[in-house]
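Here are the chains, one letter per residue:
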Amino acid sequence: MASTTMADAGIAARAAGVWKVYGTGEAQVIALRDVSVDLARGRFTAIMGPSGSGKSTLMHCLAGLDTVNRGEVFIGDLRVTGMSDRQLTQMRRDNVGFIFQQFNLLPTLTAEENITLPLSIAGKKPDKAWFDQVIDTVGLRDRLSHKPTELSGGQQQRVACARALVSRPEVIFADEPTGNLDSKSGAEVLNFLRDSVDRFGQTIVMVTHDANAASYADRVLFLADGQVVDELIDPTAEQVLDELKRLEEIVGSRQTQAEGH
Ligand SMILES: Nc1ncnc2c1ncn2[C@@H]1O[C@H](COP(=O)(O)OP(=O)(O)OP(=O)(O)O)[C@@H](O)[C@H]1O
């Protein structure tokens, strides 16, 4: 009898009882405390929380960029925890896409070469019809032969989005994708991310400080002190902002208490 896999269950990424500790002794920081979260396939999830709450750590652990101290991480059916460095490299190459705040494009390559680079490294050819669809969706058709320095920040980030999407990864992880963009370019990128979820069933996980950016997501997870403390489904920017303020007050009052004793 075939067993039910996580892929069947529609889970693109999972953290189960994850702990992440940095440093030792006095310098020890518990960045994640027993975090369990399932991220549904074909959904756009935002991760928010006060500074230092563990957002980047959670994303890095889910994406196989960092290892966990306890618990398990899965991408689709793959158990990331326990993989060798080689397996991790292959998993990241074949199963996840990344969009960073700083775009991370190679300056000597054209937009088209940047977009197809991950596929070239994997020894694969882009599916022409899919490549065309991605290019047209991000509106880069007339910019393909340009180098990154010949593109605006918004265009560079759209190249990065296309690069993440072209290999159809199980999950795209976006770390503050609009952090370096003006609000108009930011909105274009967020609309594109939203579209790729709605039209192509892409799974996206985005860390952001921006309540407006988070309001594009289907689900917003809130971290505080290394734990998932709340979530909102289909929130407005105002709801996200209210929740963030509430969490920042709680964290602030805890810190004041800790300093007072
Ligand atoms: N490499 C590291 N070594 C030691 N401590 C770390 C390291 N990375 C993160 N931390 C600590 O772990 C905690 C969580 O950090 P993390 O960067 O995940 O938070 P964040 O919510 O993403 O913060 P921000 O919003 O400021 O980017 C913080 O206290 C941070 O100082």
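Keep in mind it's a predicted model, so treat the numbers as computed, not measured.

> How would you explain the confidence of the model for the protein chain if you had to name every residue and give the values?
Confidence along the protein chain averages 92 in pLDDT terms, with 96% of residues attaining 70 or more. In the model, residues 1-8 has pLDDT below 50 throughout and makes nine contacts with residues more than four positions away in sequence or in other chains.

> Any chance you could break down the site of the ligand for me, citing the residues and the numbers?
Close contacts around the ligand come from Tyr22, Gly23, Val29, Ala31, Gly49, Ser51, Gly52, Ser53, Gly54, Lys55, Ser56 and Thr57, and that covers them all. Secondary structure elements with two or more residues in the shell around the ligand: strand E2 (29-40) and helix H1 (55-62). The leading source of residues in the shell around the ligand is H1, at three residues. When its residues are assigned to classes, the shell around the ligand shows three nonpolar, eight polar and one charged.

> Hey, could you go over the sheet that holds strand E9 (residues 219-224) for me, with residue numbers and the actual values?
The six strands are arranged E6-E7-E8-E3-E9-E10 in an open sheet whose pairing can be described as mixed. Edge positions in the sheet fall to strand E6 (96-100) and strand E10 (227-233), since each of these pairs with one other strand and no more. Within the sheet, the average angular offset between the axes of one strand and its neighbour, ignoring direction, is 20 degrees. Relative to strand E8 (residues 204-207), strand E3 (residues 44-48) runs parallel, the two being bridged by four bridges. Its bridge partner lying in E8, Ile47 is registered against Val207.

> I'd like to hear about the packing of helix H3 (residues 111-121) against helix H5 (residues 153-166), residue by residue, with values.
Look at H3 against H5: their axes get within 8 Å of each other, and the N-to-C directions meet at 30 degrees. The angle between the axes of H3 and H5 places the two elements in the roughly parallel class. Crossing hand, H3 versus H5: right-handed. Contacts between H3 and H5 pair Ala111, Asn114, Ile115, Thr116, Leu117, Pro118 and Leu119 from the former with Val159, Ala162, Arg163 and Val166 from the latter. Each residue belonging to the contact of H3 with H5 can be placed in one class, and the counts come to eight nonpolar, two polar and one charged.

> Just give me the short version of the pairing of E9, but keep the residues and values in it.
Across the six residues that make up E9, a large majority, five, are buried. Where E3 meets E9, four bridges bridge the pair, whose relative direction is parallel. Looking at the pairing, Ile47 lines up with Leu221 of E9. Strand direction decides the pairing type here: E9 and E10, joined by six bridges, are antiparallel. Among the inter-strand pairings, Arg219 is bridged to a residue of E10, identified as Ile233.

> So what's going on with the sheet that holds strand E1 (residues 11-22)? Which residues, and what values?
Here four strands make up an open sheet; going across it, the order is E2-E1-E4-E5 and the pairing antiparallel. For this open sheet the edge positions go to E2 and strand E5 (78-79), each flanked by a neighbour on one side alone. Sheet strands touched by H1: E1, E2 and strand E4 (70-75). Its angle to E1, the strand with the most contacts, is close to 120 degrees.

Definitions and cut-offs
- Residues numbered from 1 in each chain as written.
- Predicted model: local features only at pLDDT ≥ 70, side-chain atom pairs only at ≥ 80, totals over all residues.
- pLDDT = per-residue confidence, 0-100.
- Contact = placed C-beta atoms within 7 Å.
- Near = placed C-beta within 6 Å.
- Helix = DSSP H or I, 4+ residues; strand = E, 2+ residues; numbered from the N terminus.
- Nonpolar A, V, L, I, M, F, W, Y, C, P; charged D, E, K, R; others polar.
- Pairing = 2+ DSSP bridges.
- Axes fitted to C-alpha atoms, helices over the stretch in contact; angles between N-to-C directions.
- Parallel < 35°, antiparallel > 145°, perpendicular 65-115°, else oblique.
- Left-handed = near helix turned anticlockwise from the far one by under 90°.
- Buried ≥ 20, exposed ≤ 12 C-beta atoms within 10 Å, placed from the backbone.

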